[in-house]
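Working through the structure, step by step
So you can see what is in the structure, the chains are spelled out below.
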Amino acid sequence: MAKLAEARAGDDECAVLARGFHYATAREWALKLKELAYVFADPYSAADFQHGPIALVHPGLSVLGVATTGPALSGMAELLKRVREERARLLVLSDDAAVCRLGDGVLLPNVPEWLSPLVAIIPAQLFAYHLARARGLDTEAPRNISKVTRTL
């Protein structure tokens, strides 16, 4: 993840795509990118992305996708192919080797679909951490972030 993050250290914006169980994964990944690396990361359901935001895809845009085995896999693969045709830079987390090859791929272990968000979020969080480090940021003290609750 460190090498993948280093290659994207100059990216200031990205779209994070997923569907089904992984919509929450996309939202968490985008949140960590915002908090740690100060990247404008917009999470989308793959279905919603195709109804307007896909117009924002341009050559060089980082598109991060989570696509694991399950009912959403084929649709996610088609969407990732489509953004690749627009020359977006893809980073894909998947348990399917062919889907991983659509971009820079991280092959995840194959687990039951309902458990896959627990597996996928780990490399996503590591990517955010290493991206922040590659940008020279302090991951222990993100800007403007404080505890929401205080303990006595």
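Described below are features of the structure shown in this document. Residue numbers here run from 1 along each chain, matching the order of that chain's written sequence. Note on the predicted model: pLDDT of at least 70 is required for a residue's local features to be given, and 80 or more for side-chain atom pairs to be given and counted; whole-chain, interface and lining totals, by contrast, use all residues. Side-chain descriptors were evaluated using all non-hydrogen atoms of the structure, hydrogens and water having been removed beforehand.

Topic: the sheet that holds strand β4 (residues 89-94)
In short, DSSP must find at least two bridges between two strands for them to pair. Each helix is a run of H or I in the DSSP string that is no shorter than four residues. Each strand is a run of E no shorter than two, and both are numbered from the N terminus. Spatially, the five strands line up as an open sheet ordered β2-β1-β3-β4-β5, and their pairing is parallel. Because the sheet does not close on itself, it has two edges, and the strands there are β2 (40-45) and β5 (104-107). Sheet twist, expressed as the mean angle between neighbouring strand axes with direction ignored, is 15 degrees. With six bridges joining them, strand β1 (residues 13-18) and β2 adopt parallel strand pairing. Its bridge partner lying in β2, Ala 18 is registered against Ser 45. With respect to the sheet, helix α2 (residues 23-37) is in contact with β1, β2, β3 (62-67) and β4, its orientation differing from that of β2 by roughly 175 degrees. Contacts are assigned to residue pairs with any non-hydrogen atoms lying within 4.5 Å of each other. Only the stretch in contact is used when fitting a helix axis, every axis being a line fitted to C-alpha atoms; angles between N-to-C directions are given from 0 to 180 degrees. Strands β3, β4 and β5 of the sheet are contacted by helix α6 (residues 116-134), whose axis makes an angle of about 145 degrees with β4.

What about the nonpolar core?
Val 16, Trp 29, Leu 33, Leu 64 and Phe 127 are the most contacted members of the largest nonpolar core, which totals 25 residues. Elements that contribute at least two residues to this core include exactly β1, α2, β3, β4 and α6. Of the residues forming this core, the biggest block, seven residues, is contributed by α6. Those residues in contact with Leu 33 that lie beyond four places of it in its chain are Cys 14, Val 16, Tyr 38, Val 39, Ala 41, Leu 64, Phe 127, Ala 128 and Leu 131. To form a nonpolar core, buried Ala, Val, Leu, Ile, Met, Phe, Trp, Tyr and Cys residues must be joined to one another through side-chain atoms within 4.5 Å. Type-normalised accessible area, obtained with a 1.4 Å probe on protein chains alone, sets the label of each residue: buried when under 20%, exposed when over 50%, and partly exposed for intermediate values.

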